[in-house]
Amino acid sequence: MSVNSVQSSVAPPHLDAAAAVARAKALAPRVRALAGEAESGRRVPEPLIRDFIDAGLVRLLTPRRFGGHELGLDAFIDATLEIARADASVGWCFSFLNIHSWLMAMMPEAAQQEVWGADPDACIANVNAPGGQAVPTEGGHRLTGVWQWASGIQHCGWALLAGIVPSAAGAEAGPPDVRLFLVSRADFQVKDTWFVAGQRGTGSNHVVVNDVFVPEHRNMALGDVREGRSPGSRVHASPLYQLPFLPPMASSLVAPIIGAALGAYETWRELMRTRYTTFSREQVATLSHQQIRMAEVSAELEAAQLLLRRALDTLRPGGMLTLQQRVQVRRDYAYAATLCVRAVERLYTASGAGANFESNPLQRYWRDIHAMAVHAGINFDAAGENFGRLELGLGLNPKDPLF
């Protein structure tokens, strides 16, 4: 099925937060039923993308000016939790479809009009690690490179790709000029590289661009987005679009991890209720060590959710954050992911050898959560180092590209 074939022909009515979460929850059984197909096909099944579009669920963070719901991070996170509970890979791509629309709202107004004027449900991929170079030319840049980890790229008609603009000859050395370039589907190729152990259903293939002209209105400095002063922040009045880059992007990473961990816990809990030991035929639910394990796992997952909610409390007013807030939110998100990995590791090893069968969804949750949690955006070592340095009066790590 082509990218254009999943575009919406009828604009869905505006959703409020409760309706958006209810629609995501209603789609969860279908997501769960197609989890095996996502795994074997190494991508989100096209009918699920169609379902998300028809339900109006790819417009959660799209500005109202362009037909979006402009709901804010809370509704987006709550909807993502419901989808990721059913399947981690699909939840990951669902999260990205929405947060990439938030990032698109940071672009110059002409670029937004080009994308959403044609299709308010446009699916947009994004890779923020610079994978190529953009050589300035009259009216824009010529972009060439290869970008890894483009989750959900098969469904996307556009891609926001980070590239380095080389310094002019004779210019003094300084920080690299990293910019995000908006490239249409006609101008990039997808290289099928996604043969992995975890997150198989995300289709996070390589994107290849070969000497493509990108007009000037289709780029913005990543540093400006990082500091909350993007071109789009002057277009949209909502505080949602005044936020600095990292906290909302990190929320899109940790939400599917927490949702998937909750799904794993619920699956494990139901298995424990009906399972018996092999030799003594005792009901596993009556064993005190399993009861204690359940308490420990559930406490870790509740702690992760509390950290997520506290971060959202900080972000909800919108606008620029203090340095302390940015460092703390990053630490909280990274530690929430760490807690989820610990919890799922504990419940998986307490599940017995049967959890290793491909027919058991626990092994897929276990693989996917481990794969998601290694994303650089929620790396706890980097987040913890900056938090510790700030606490000790040493200032931020000057080599950290995210600050």
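Just above sits the structure.
Here's what I pulled together on the structure shown here. It should be emphasised that the depicted structure is a prediction, and the values quoted were computed from it without experimental measurement.

Basis of the calculations
Residues numbered from 1 in each chain as written. Predicted model: local features only at pLDDT ≥ 70, side-chain atom pairs only at ≥ 80, totals over all residues. Heavy atoms only, no water. Helix = DSSP H or I, 4+ residues; strand = E, 2+ residues; numbered from the N terminus. Polar contact = N/O pair within 3.5 Å; in protein donor to acceptor, adjacent residues only side chain to side chain. Contact = heavy atoms within 4.5 Å. Buried < 20%, exposed > 50% of the residue type's maximum accessible area, 1.4 Å probe, protein only. Phe/Tyr/Trp six-rings, centres within 6.5 Å; stacked < 30°, edge-to-face > 60°. Lys NZ or Arg CZ within 6 Å of the ring centre and 35° of its normal. Salt bridge = Lys/Arg side-chain N within 4 Å of Asp/Glu carboxyl O.

Topic: the side chain of Ser233
Along the chain, Ser233 falls in the loop between helix H7 (222-226) and helix H8 (246-274). From its side chain, Ser233 meets the backbone oxygen of Ser230 in a polar contact 2.6 Å long. Discounting chain neighbours no more than four positions away, the residues touching Ser233 are Gly228, Tyr241 and Gln242.

Some details on the environment of Trp194
Looking at where Trp194 falls in the secondary structure, it is placed in the loop between strand S5 (189-191) and strand S6 (205-215). A relative accessible area of 7% places Trp194 in the buried class. With sequence-adjacent residues up to four places away left out, Trp194 is seen in contact with Arg42, Trp149, Gln199, Arg200, Thr202, Gly203, Ser204 and Asn205. There is a polar contact of 2.9 Å between the side chain of Trp194 and the backbone oxygen of Gln199.

Here we look at unusual backbone geometry
Most peptide bonds take the trans configuration, and most residues that are not glycine carry a negative phi. Backbone geometry places Trp149, a non-glycine residue, at a positive phi of 65 degrees. Following the sequence through the fold, Trp149 ends up in strand S2 (residues 140-150). Of note, the phi angle at Arg281 is positive, near 60 degrees, even though the residue is not glycine. Here Arg281 is to be found in the loop between H8 and helix H9 (288-315). Look at Arg281 and you get exposed, because its relative accessible area is 52%.

Section: the packing of aromatic side chains
On inspection of all chains with the given rule, the structure shows seven aromatic pairs. Their ring planes at 55 degrees and their centres at 5.4 Å tell us that Tyr335 and Phe380 sit as a pair that is tilted. Of this pair, Tyr335 sits in helix H10 (residues 323-349) while Phe380 sits in helix H12 (residues 380-391), and the two are 45 residues apart along the sequence. Taking 4.7 Å as the distance between ring centres and 15 degrees as the angle between the ring planes, the aromatic pair formed by Tyr348 and Trp366 counts as stacked. On the criterion of sequence distance, the pair formed by Tyr348 in helix H10 and Trp366 in helix H11 (residues 361-373) is long-range, its members being 18 residues apart. Its relative accessible area of 14% is what places Tyr348 among the buried residues. Above the ring of Phe387, the side-chain terminus of Arg331 is found at 4.3 Å from the ring centroid.

Details of the pattern of salt bridges
Summed over all chains, the structure comprises 28 salt bridges. Residue Asp211 is joined to Arg142 by a salt bridge in which the shortest nitrogen-to-oxygen separation is 2.9 Å. Linking Asp211 in strand S6 with Arg142 in strand S2, this pair joins segments that are 69 residues apart in sequence. Residue Arg142 is classed as partly exposed on the basis of its relative accessible area of 32%. Residues Arg273 and Glu270 are paired through a salt bridge, measuring 2.8 Å at the closest nitrogen-oxygen approach.

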